[in-house]
Amino acid sequence: MATQILLKNIDVPGLTDIHVYKGLGGYSALEKALKNFTPDQVTEEVKKSGLRGRGGAGFPTGMKWGFIDKQSEKPRYLVCNYDESEPGTFKDRYIGELNPHQLIEGMIIGSYALGAKSAYIYIRGELFYVIKIIEKAIQEAYKNGLLGNNILGSDYSLDLYCHPGAGAYICGEETALLESLEGKRGNPRIKPPFPAIVGLYDCPTVVNNVETIAALPWIITNGSAAYSAIGIGNSKGTKLISACGHINKPGIYEIELGLPVEEFIYSDEYCGGIINGNKLKAVVAGGSSVPILPAELILKTAAGEPRLMSYESLAEGGFKTGTMMGSGGFIVMDHTTCIVKNLLTFARFYRHESCGQCSPCREGTSWMEKILMRIEGGQGTMKDIDLLVNIAKHVEGNTICPLGDAAAWPVASAILHFREEFEEHVKLQKCPF
Amino acid sequence: MQENNKVPEFNSETLDLIAQLIKRYPEGRQKSALLPVLHIAQAENQGWLSPGMMDYVALLLHIEPIEVYEVASFYSMYNLKPVGNCVIEVCQTGPCWLKGAENIVAHFESRLGIKSGETTADGKFTLKTVECLAACGTAPVIQVGTEYHENLTPEKIDQLLDQWNAENKISHTNPYL
Ligand SMILES: Cc1cc2nc3c(=O)[nH]c(=O)nc-3n(C[C@H](O)[C@H](O)[C@H](O)COP(=O)(O)O)c2cc1C
Ligand code: SF4
Ligand code: FES
């Protein structure tokens, strides 16, 4: 069994109660951080651990904290990204629902490192039942002297709040999230300046994913060396993978980075194989935005090496034959799946979620959806397939935020790897499935 | 379901809650409370945001009405038109589609006698499709108010609809209470 850092104790009944959490050693990492480390030493530990952001981009967490403008007189903020809206991703949901104190403890440790006096958890509005669980846990933390003034008798003070979103995938993008937290439409900001310099209310801000934050207590308790001893290459520690689609055991799994993809899909410890003994057709390995790979390329790299669940191995081969770790949303499709129809649902999603600020994204997403509707409906032409490739190329890299790329890659990769299936739709003038 | 023209006014309990929410943000940044306050306002207004209600929210937060309208129209959880007592939102994105979301929509449509996007004549139910609800491992999934219903089957839907019909289900409750 893989080391459990994020899901440890998750099955313990009543874990949302602070006494149960404390009884299992909870909040001792915070105590250690406040007593034994300066804020910069906490940042140093996180740097040495090799922890990378789990929200999708995989940016080294300690390095990001290092960018925060500590010269500025302005207040600093830590904001937790709990927007979790990338299709295929449903990992953060369970952390807040089942172990909210682990997230709160991580938020206090991170805020201490950054010198933040207030911190926010921005959580998608659909998850209001989770907001209630977290808010109750925050109240308990205040009552136990873990939030508010002079935490655990130290001279460090912090206020922590939850803030609900209201249904907008784009608010997962960190600058859109900050706009939304300021009570505005979720339009991404032009970067630079980066949030570490100009973030929430124009103040230095770090935005981190739930899973990133939830790993902090373990790193402080066990040390950066113990964390970086897990994993492979530049992929240290453990990662939550939310697995769904045509597998026997959908759910969330905490894996040590470096696990072979084949073992993840077929072993009973994880996905338990494909439903009904069907054949694996394709996998979208890191949430809807990452390139789709056919069975042979997700199990083995183009060079014939076993593909591993790590940032480097999943990306091996670049766009041509590789994909990305992304958010860890692992969507599995068996041989009965129509790739065009699945892609159409993604295209509809991106058209719906585009904030509309840049014309390549606004026009491109709606155009791609229309063409895919045509092909799936049996009215497509061979030219439409090339047109899709062309539009995707023009959207990619030409927009303010990465949603444009996120909309383009699924289209470009599906046609790259499954072109015959698009052509078959055109030839038959209907969906063959 | 009709828009009432009288100026809305929250009771003191709701106003207290809103005052508490505003305190979560720095002085002068009360606009930050707009999203949470709109959730409450929608619940207090039969599940939708009328122009009158939005103006009232602007007043409470000391911001211009236009600032409220542009936000309300951006986020998909806010309804700018009247809805039924019980709004059923069916996820239709890839992972749910792989697990039969289209059959779920079809089953609701045939049981309720309406198309997705419509409200039943008796005003009891509105059917909507939505995008990924972060519950793809338990697909297919629907959301009703703050409740999730997962691993849905036609039988489960029948059960839920019978229950909601009997109890006159209302999905727009104040999410903070
Ligand atoms: C369109 C879009 C949606 C995103 N959605 C999320 C999300 O739901 N959760 C998240 O943590 N990061 C999301 N991100 C990434 C964030 O912008 C940001 O990189 C991340 O929150 C940083 O935290 P981390 O370094 O801990 O990963 C999204 C990015 C884009 C472009
Ligand atoms: S790429 Fe799309 S979502 Fe991002 S800012 Fe431009 S229009 Fe908005
Ligand atoms: S696709 Fe339906 S919950 Fe994610």
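Starting afresh in each chain, residues are numbered from 1 along the sequence in its written order. Chain labels run from A onward and ligand labels from 1 onward, assigned in the order the entries are written. With the structure being a predicted model, the display of local features is reserved for residues of pLDDT at least 70 and the display and counting of side-chain atom pairs for 80 or more, all residues being used for whole-chain, interface and lining totals. Note that the side-chain values use all heavy atoms of the structure and ignore hydrogens as well as water.

## Quick look at the overall build of chain A
- Regarding its fold elements, chain A presents 19 helices and 13 strands.
- Taken over the C-alpha trace, chain A has a radius of gyration of 22 Å; the compact-globule value for 433 residues is 22 Å, and the two agree within 12%.
- Judged by the C-alpha coordinates and their principal axes, chain A covers about 75 × 45 × 35 Å.
- Per-residue accessibility, obtained with a 1.4 Å probe over protein chains only, is compared with the maximum for each type, and a residue is labelled buried under 20%, exposed over 50%, and partly exposed between these values. The 433 residues of chain A split such that 64% are buried.
- Considering only contacts in chain A between residues 6 or more positions apart, those separated by 24 or more positions represent 69%.
- Here, Shrake-Rupley sampling with a 1.4 Å probe gives the accessible areas, and only protein chains in the shown set may cover a residue. Just so you have it, chain A exposes about 15400 Å², and 53% of that area is on carbon and sulfur atoms.
- Neither His nor the chain termini are counted; the positive set is Lys and Arg, and the negative set is Asp and Glu. Taken as the charge location is NZ of Lys, CZ of Arg, CG of Asp or CD of Glu. The distance from the centre of the 42 positive side-chain charges to the centre of the 48 negative ones in chain A is 3 Å. By definition, any uninterrupted DSSP run of H or I lasting at least four residues is a helix, any uninterrupted run of E lasting at least two residues is a strand, and each is numbered from the N terminus. It is over C-alpha atoms that the radius of gyration is taken, and the globule rule equals 2.2 Å times the number of residues to the power 0.38. The contact criterion used throughout is that any non-hydrogen atoms of two residues lie within 4.5 Å.

## Side note on the sheet that holds strand E4 (residues 205-209) of chain A
- A sheet is described by the order of its strands in space; here 4 strands give the open sequence E3-E2-E1-E4 (chain A), paired in parallel fashion. Every interior strand has two partners, whereas the edge strands, strand E3 (159-164) and E4 of chain A, have only one. Recorded for the sheet is a direction-independent mean angle of 20° between the axes of neighbouring strands.
- Packed on one face of the sheet, helix H2 (residues 34-44) of chain B meets strand E2 (118-123) and E3 of chain A and runs near 50° to E3 of chain A. Following DSSP output, two strands are said to pair if at least two bridges run between them. To obtain each axis, a line is fitted to C-alpha atoms, and for helices this fit is confined to the stretch in contact; angles are then taken between N-to-C directions over 0 to 180 degrees.

## Observations regarding the interface of chain A and chain B
- Each partner contributes residues to the interface: chain A has 57 residues there, and chain B has 42 residues.
- Here the buried area means the combined drop in accessible surface, using a 1.4 Å probe, for two parts upon being joined, counting both sides. Between chain A and chain B, roughly 4000 Å² of surface is buried when both sides are summed, and carbon and sulfur atoms account for 59% of that area.
- When the buried surface of chain A facing chain B is broken down by residue, Phe 128, Ala 166 and Arg 185 of chain A rank first, second and third, together holding 15% of it.
- A side-chain nitrogen of Lys or Arg and a carboxyl oxygen of Asp or Glu constitute a salt bridge if their distance falls within 4 Å. Inspection of the region where chain A meets chain B yields 4 salt bridges.
- The closest approach of N and O atoms between Arg 348 of chain A and Glu 131 of chain B, which form a salt bridge, is 3.7 Å.
- Residue assignment for the side of chain A that touches chain B shows that the elements contributing at least two residues are E2, helix H7 (128-143), E3, helix H8 (174-181), strand E7 (238-245), strand E13 (329-334) and helix H16 (339-353) of chain A.
- Ranked by residues supplied to the side of chain A that touches chain B, first place goes to H16 of chain A with 8 residues.
- Amino acid classes used here: Ala, Val, Leu, Ile, Met, Phe, Trp, Tyr, Cys and Pro are nonpolar; Asp, Glu, Lys and Arg are charged; the rest, including Gly, are polar. Classifying every residue of the side of chain A that touches chain B gives 27 nonpolar, 17 polar and 13 charged.

## Observations regarding the environment of Tyr 156 of chain A
Residue and element names in this part refer to chain A.
- Structurally, Tyr 156 can be placed in the loop between H7 and E3.
- Owing to a relative accessible area of 5%, Tyr 156 belongs among the buried residues under this scheme.
- Residues Tyr 156 and Thr 3, 153 residues apart in the sequence, show an inter-C-alpha distance of 32 Å.
- Apart from the residues lying within four places of it in its own chain, the contact partners of Tyr 156 are Leu 34, Ile 108, Ser 111, Tyr 112, Ala 116, Gly 148, Asn 149, Asn 150 and Ile 151.
- For this analysis, a polar contact is any N or O atom pair within 3.5 Å, provided that within protein one partner can donate a hydrogen and the other can accept it, and provided that sequence-adjacent residues contribute only side-chain to side-chain pairs. Engagement of the side chain of Tyr 156 in a polar contact is seen with the backbone nitrogen of Tyr 112, the distance being 3.3 Å.

## Here we look at unusual backbone geometry
Residues and elements named next belong to chain A.
- With omega at -10°, the peptide bond leading from Lys 191 into Pro 192 counts as cis.
- Relative to the helices and strands, Pro 192 is located in the loop between H8 and E4.
- Its identity is not glycine, yet Asp 202 carries a phi of approximately 65°, on the positive side.
- Tracing the chain through its elements places Asp 202 in the loop between H8 and E4.
- At Gln 429, a position not held by glycine, the phi torsion is positive, near 55°.
- Within the fold, Gln 429 resides in the segment after helix H19 (403-428).

## Some remarks on the site of ligand 2
- The criterion for a residue being near a molecule or strand is simple. One of its heavy atoms has to lie within 4 Å of it. Near ligand 2 you find 13 residues, and of these Cys 355, Cys 358, Cys 361, Thr 399 and Cys 401 of chain A are the closest.
- Split by residue class, the shell around ligand 2 holds 8 nonpolar, 5 polar and no charged.

## Concerning the layout of surface pockets
- Definitions used throughout: a 1 Å grid over protein atoms alone; a cavity as a set of points that fits a 1.4 Å probe which cannot get out; a pocket as an open set with protein on both sides within 12 Å along at least five of seven lines; a lining residue as one with an atom within 4 Å of a point. Grid points are joined across faces, edges and corners, and a volume is the space filled by probe spheres set on the points. Taken as a whole, the second largest pocket spans an internal volume of roughly 830 Å³.
- Among the residues forming the lining of the second largest pocket, the class breakdown is 16 nonpolar, 20 polar and 10 charged.

## Section: a nonpolar patch on the surface
- On the surface, a cluster of nonpolar side chains totalling about 290 Å² of accessible area is made up of Phe 59, Met 63 and Phe 67 of chain A.
- Here Phe 67 of chain A lies in the loop between helix H4 (61-66) and strand E1 (77-82). Patch construction takes residues with relative accessible area above 30% that form no salt bridge. Like charges are linked within 9 Å, and nonpolar side chains (Val, Leu, Ile, Met, Phe, Trp, Tyr) are linked within 5 Å.

## Examining the site of ligand 1
Residues and elements named next belong to chain A.
- Taken together, 17 residues surround ligand 1, and among them Gly 55, Asn 81, Asn 208, Asn 209 and Thr 212 come closest.
- Gly 55 is positioned with one of its backbone polar atoms (N or O) 2.7 Å from an oxygen atom of ligand 1.
- Within the backbone of Glu 84, an N or O atom sits 3.1 Å from an oxygen atom of ligand 1.
- In the complex, 89% of the free accessible area of ligand 1, which totals 610 Å², lies under the protein chains.
- The dominant element in the shell around ligand 1, judged by the number of residues it contributes, is E4, at 3 residues.

## Observations regarding empty space enclosed by the protein
Residues and elements named next belong to chain A.
- Counted under the stated rule, the structure contains 2 cavities of 30 Å³ or more.
- Put simply, the largest cavity is a space of about 80 Å³.
- Cys 355, Cys 358, Cys 361, Cys 401 and Leu 403 are the residues nearest the centre of the largest cavity, which is lined by 13 residues in total.
- Looking at the lining of the largest cavity residue by residue, the classes come out as 8 nonpolar, 5 polar and no charged.
- Considering only enclosed or pocket space, the second largest cavity measures out at about 60 Å³ in volume.
- Val 284, Ser 288, Val 290, Ile 292, Ile 339, Asn 342, Leu 343, Phe 346, Pro 410, Ser 413 and Ala 414 are the residues that line the second largest cavity.
- Of all elements in the fold, only H16 and H19 reach the threshold of two or more residues within the lining of the second largest cavity.
- Among the elements that make up the lining of the second largest cavity, the one with the highest residue count is H16 (4 residues).

## Notes on the confidence of the model for chain B
- Model confidence for chain B is summarised by a mean pLDDT of 96, while 97% of its residues fall at 70 or above.
- ipTM for the predicted complex: 0.96, alongside a pTM of 0.97. Confidence scores per residue from the predictor, reported as pLDDT, run from 0 to 100.

## Considering the pairing of strand E10 (residues 280-284) of chain A
All names here are of chain A.
- For E10, a buried count of 5 out of 5 residues is recorded, marking the element as mostly surrounded by other parts of the structure.
- Summarising the sheet, E10 and E13 pair through 4 bridges and their orientation is antiparallel. Residue pairing in the sheet places Val 284 in a bridge with Ile 331 of E13.
- Two strands pair when backbone bridges link them, and E10 and strand E11 (residues 292-294) are joined in this way by 3 bridges, in the antiparallel orientation. Within E11, the position partnered with Ala 282 by the bridge is Pro 294.

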